[in-house]
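Close look at the chain arrangement
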Amino acid sequence: MKAIKTIGVLALFLVTVAFTIKDGYKVGDKVEDFSLKNVDGKMVSLSDFDSAKGFIVVFTCNHCPYSKMYEDRIIALDKKYKEKGYPVIAINPNDPKASPGDDFESMMERAKSKGFTFPYLFDKGQKVYPKFGATRTPHVFILNKNKGDLKVAYIGAVDNNARNASDVSERYVETAVDELLSGKEVTNKETKAIGCSIKVQ
């Protein structure tokens, strides 16, 4: 009887998680604030950034080859847009039990060795990424502040060539942020995120 009950609870949990991920934020949706631990040990929330016009939220991790390919480009995005009001916020959504090397200590080492210029937050308990509907690492969500609310303006990939930065012909994130800075609506609101699946226990 206990086994049946346990299976029932587990099934309900999996259905709930699947439903949550499927119904994550869409373009135009208002985003809830969150509080996650940064690699410097401090808790970080979106509301901490008073002067931000928006954010480039990137779900990424330590081990995924695609995440590694994009690290330098993500650093470049932060350096280019942070002072213009759109800083990068990186979040590791993986469960370290299911993804060795994605634990908090390894995050600290990775951030230091790569010289991350942005917060690198740990989604402990995997509570934030399902709200966004992130499915890959990396997976980008550009948020834009509108009348005090943060709303999703773009969802998808950084650009159109993960393997070779020099062969990129479409810079989705840069184009979207440039349009927002010019007071325009984002033209290409959604692209397909290419990367590793988010690891759950």
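Within each chain, residues carry numbers counting from 1 in the order of the written sequence. Under the rules for a predicted model, residues below a pLDDT of 70 receive no local features and side-chain atom pairs below 80 are neither given nor counted, while totals for whole chains, interfaces and linings still include all residues. Here the side-chain values reflect all heavy atoms present in the structure, with hydrogen atoms and water set aside.

Here we look at the overall build of the protein
Counting from the N terminus, the helices are DSSP H or I runs at least four residues long and the strands are E runs at least two residues long. When its secondary structure is counted, the protein shows five helices and nine strands. When the helices and strands of the protein are placed in sequence order, the string is α-β-β-β-α-β-α-β-α-β-β-β-α-β. Relative accessibility under 20% of the residue-type maximum defines a buried residue, over 50% an exposed one, and the middle range a partly exposed one, all with a 1.4 Å probe and only protein chains included. Classification of the 201 residues of the protein by burial places 46% in the buried group. Contacts in the protein between residues at least 24 apart in sequence constitute 76% of all its contacts with a sequence separation of at least 6. We get accessible surface area from the Shrake-Rupley algorithm with a probe of 1.4 Å; when it comes to residues, only the shown protein chains can shield them. Accessible area for the protein stands at about 10800 Å²; split by element, carbon and sulfur atoms hold 55% of it. Only heavy atoms matter for contacts: two residues are in contact if any of them lie within 4.5 Å across the pair.

Section: the state of the cysteines
Criterion for a disulfide: a pair of cysteine sulfur atoms at a distance within 2.5 Å. The final tally for this structure, using the stated rule, is one disulfide. With a sulfur-sulfur separation of 2.1 Å, cysteine 64 is cross-linked through a disulfide to cysteine 196. Since a negative S-S torsion denotes a left-handed disulfide, the cysteine 64-cysteine 196 link at about 85 degrees is right-handed. Here cysteine 196 lies in strand S9 (residues 196-197) and cysteine 64 lies in the loop between strand S3 (54-59) and helix H2 (65-81), a separation of 132 residues in the sequence. No disulfide involves cysteine 61; its sulfur sits 5.0 Å from the nearest other cysteine sulfur, which is in cysteine 64.

Comments concerning the side chain of threonine 191
As for its position among the elements, threonine 191 is in the loop between helix H5 (172-181) and S9. N or O atoms within 3.5 Å of each other form a polar contact, as long as, within protein, one can give a hydrogen and the other can take it, and as long as residues adjacent in sequence are counted only when both atoms are side-chain atoms. At 2.5 Å, the side chain of threonine 191 forms a polar contact with the side chain of tyrosine 154. Within the structure, threonine 191 has its side chain in polar contact with the backbone nitrogen of alanine 157 (distance 2.9 Å).

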